[in-house]
Amino acid sequence: NKPWEFEVSANSLAIDQGALWFEVLGHRPPLPLLDRLPGLSSGRAHREVARNLFGSINARGRFETPKLTYRSLQLQDFRAAVELSGRVMRVEDATFRLGPARGEGSLSVDLRDSPATSRGEVALAGARLRQVAARLPAALRDLAGALSAQARFETHGLTSGEMAAGLSAEGSVELRNVTLGSFDPVRAISVHENWGALGRPRGPGRFSSAAFKFRTLDGRIVVEDFPLQIEGGHFKLSGVYSFDGNLELDVAADFRHLARPWKVVTRGGTQAPRKTTLHLAGPLNALAPAPAGVVSQAAR
């Protein structure tokens, strides 16, 4: 009845390997075919012992490691309070670093039913946009600024495939002091829409702050109505990012109050409307124009 107290430290921990241990401890019955194969049938007794042992554990303590990895993600200086009781694992007051960013979070994994249910929260502050710029189109490789985010999530299963398919999450992202480097979105849209030439920008495109909310839906991350203002031009982004790496994006642009001077203010004797919506689709690092309506259909 009295919890076993522990303190554990490790020089590293790979979550994708450690998750295999929890998969064994689930309630799933072993496949009969595996039990008939020579050398594997003896594993049934070990699995039964592990299940019973995990169900009997009543323990709490601290865990820390300087390096915690999951596939390509690597967290530094991970520390957390851990409790195991009644086939439920709880991770509380977790803190970590992701490069220069500081993070905190909590997680519970409930193994009492099958599939297992995981719930958690995570927050990140002070991340650098340069860390994600390498995954973006070439025009945005010079992107710089700070990022903070927070999210709540719930998922089911124990394998990475099951957890990705059953993931339900919602959260928010805040961007601060962002510079776009050599990328000029105002000029790019003006050229695409044949709105005429623009005067030179006073410096690299920038915005002081912006925020958006996101949610997951059927293996996709959905962002709706993400507003931006650059040089007096108003942008609104809506997109759907699939876990397979493809992005579908609507970019609504309104340049009617643009602070930057136009060299050409008419088109065919009529003033250009300077308001449009672009539709882009493809891999995140290679977006290209797509037929209208692609994103809105995907979001539904």
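Quick note: structure is the one above.
The rules we used
Residues numbered from 1 in each chain as written. Predicted model: local features only at pLDDT ≥ 70, side-chain atom pairs only at ≥ 80, totals over all residues. Heavy atoms only, no water. Helix = DSSP H or I, 4+ residues; strand = E, 2+ residues; numbered from the N terminus. Buried < 20%, exposed > 50% of the residue type's maximum accessible area, 1.4 Å probe, protein only. Contact = heavy atoms within 4.5 Å. Areas by Shrake-Rupley, 256 points an atom, 1.4 Å probe, with all protein chains shown as cover. Polar contact = N/O pair within 3.5 Å; in protein donor to acceptor, adjacent residues only side chain to side chain. Salt bridge = Lys/Arg side-chain N within 4 Å of Asp/Glu carboxyl O. Patch = residues over 30% accessible without salt bridge, like charges linked within 9 Å, V, L, I, M, F, W, Y side chains within 5 Å. Core = buried A, V, L, I, M, F, W, Y, C linked by side-chain atoms within 4.5 Å. Arc of directions from axis to C-beta. Lys, Arg positive; Asp, Glu negative; His and termini not counted. Charge placed at Lys NZ, Arg CZ, Asp CG, Glu CD. Phe/Tyr/Trp six-rings, centres within 6.5 Å; stacked < 30°, edge-to-face > 60°. Pairing = 2+ DSSP bridges.

A. Here's a closer look at the overall build of the chain. Check the secondary structure of the chain and you find seven helices and 17 strands. Counting the 300 residues in the chain, one finds 35% classified as buried. Long-range contacts, defined here as pairs at least 24 residues apart, represent 54% of the contacts in the chain between residues at least 6 apart. Surface summary for the chain: the accessible area is close to 17800 Å², and the carbon and sulfur share equals 54%.

B. Structural context of the side chain of His279. Structurally, the position occupied by His279 is in strand β16 (residues 275-283). Given a relative accessible area of 16%, His279 falls into the buried group. Of note is the side chain of His279, whose polar atom sits 2.7 Å from the side chain of Asp250.

C. Broad picture of the pattern of salt bridges. Per the stated rule, a full pass over the model turns up eleven salt bridges. Its salt-bridge partner being Glu64, residue Arg79 comes within 3.6 Å of it at the nearest N-O pair. Here Arg79 is found in strand β4 (residues 73-85), whereas its partner Glu64 is found in strand β3 (residues 58-70), with 15 residues between them in sequence.

D. Quick peek at the side chain of Asp110. Positionally, Asp110 belongs in strand β6 (residues 101-110). Among the polar contacts made by the side chain of Asp110, one reaches the side chain of Arg112 at a distance of 2.7 Å. Residue contacts for Asp110: discarding those within four places in its chain leaves Arg87, Val88, Ala116 and Thr117.

E. Fine view of a nonpolar patch on the surface. A cluster of nonpolar side chains, contributed by Leu13, Ile15, Tyr70 and Leu73, occupies part of the molecular surface with about 290 Å² of accessible area. Along the polypeptide, Ile15 turns up in helix α1 (residues 15-24). Under the relative-accessibility criterion, Ile15 is labelled partly exposed at 33%.

F. Focus on the nonpolar core. Counting residues in each nonpolar core, the largest one holds 53 residues, and the members touching the most others are Phe78, Leu175, Ile189, Phe207, Phe226, Phe235 and Phe255. No other element matches the five residues that β4 contributes to this core. In contact with Ile189, not counting residues within four places along its chain, are Trp195, Phe235, Val251, Ala253, Phe255, Thr276 and Leu278.

G. Spatial organisation of helix α6 (residues 185-192). Residues of α6 that are buried include every one of Pro185, Val186, Ile189 and Ser190, and no others. All buried residues of α6 fall inside an arc of 130 degrees around its axis, so they share one side. Buried residues in α6 make contact with β11 (220-230), β12 (233-242), β13 (246-254) and β16. Directly after α6, the chain includes Asn194, whose backbone phi takes a positive value near 55 degrees.

H. Summary view of a negative patch on the surface. Taken together, the side chains of Glu83, Glu92, Asp93 and Glu104 present a region of like negative charge at the surface. Following the sequence through the fold, Asp93 ends up in strand β5 (residues 88-98). Using a relative accessible area of 57% as the deciding quantity, one classes Asp93 as exposed.

I. Summary view of the packing of aromatic side chains. Tallied over the entire structure, the rule returns five aromatic pairs. With a centroid separation of 5.6 Å and an interplanar angle of 80 degrees, the aromatic rings of Trp195 and Phe255 are classed as edge-to-face. Taken together, the residues span a long stretch of sequence, with Trp195 in the loop between α6 and β10 (206-216) and Phe255 in the loop between β13 and β14 (266-267) at a distance of 60 residues. In terms of burial, Trp195 and Phe255 fall into one category: buried. Members of the aromatic cluster, joined through ring pairs, are Trp195, Phe235 and Phe255.

J. Here's a closer look at the pairing of strand β7 (residues 117-128). Pairing of β6 with β7, which is carried by nine bridges, proceeds in the antiparallel orientation. Within β7, the residue paired with Val109 across the bridge is Ser118. The antiparallel hairpin formed by β6 and β7 contains six residues in its connecting segment. Relative to strand β8 (residues 144-156), β7 runs antiparallel, the two sharing ten bridges. Across the sheet, residue Arg128 finds its bridge partner in β8, namely Ala146.

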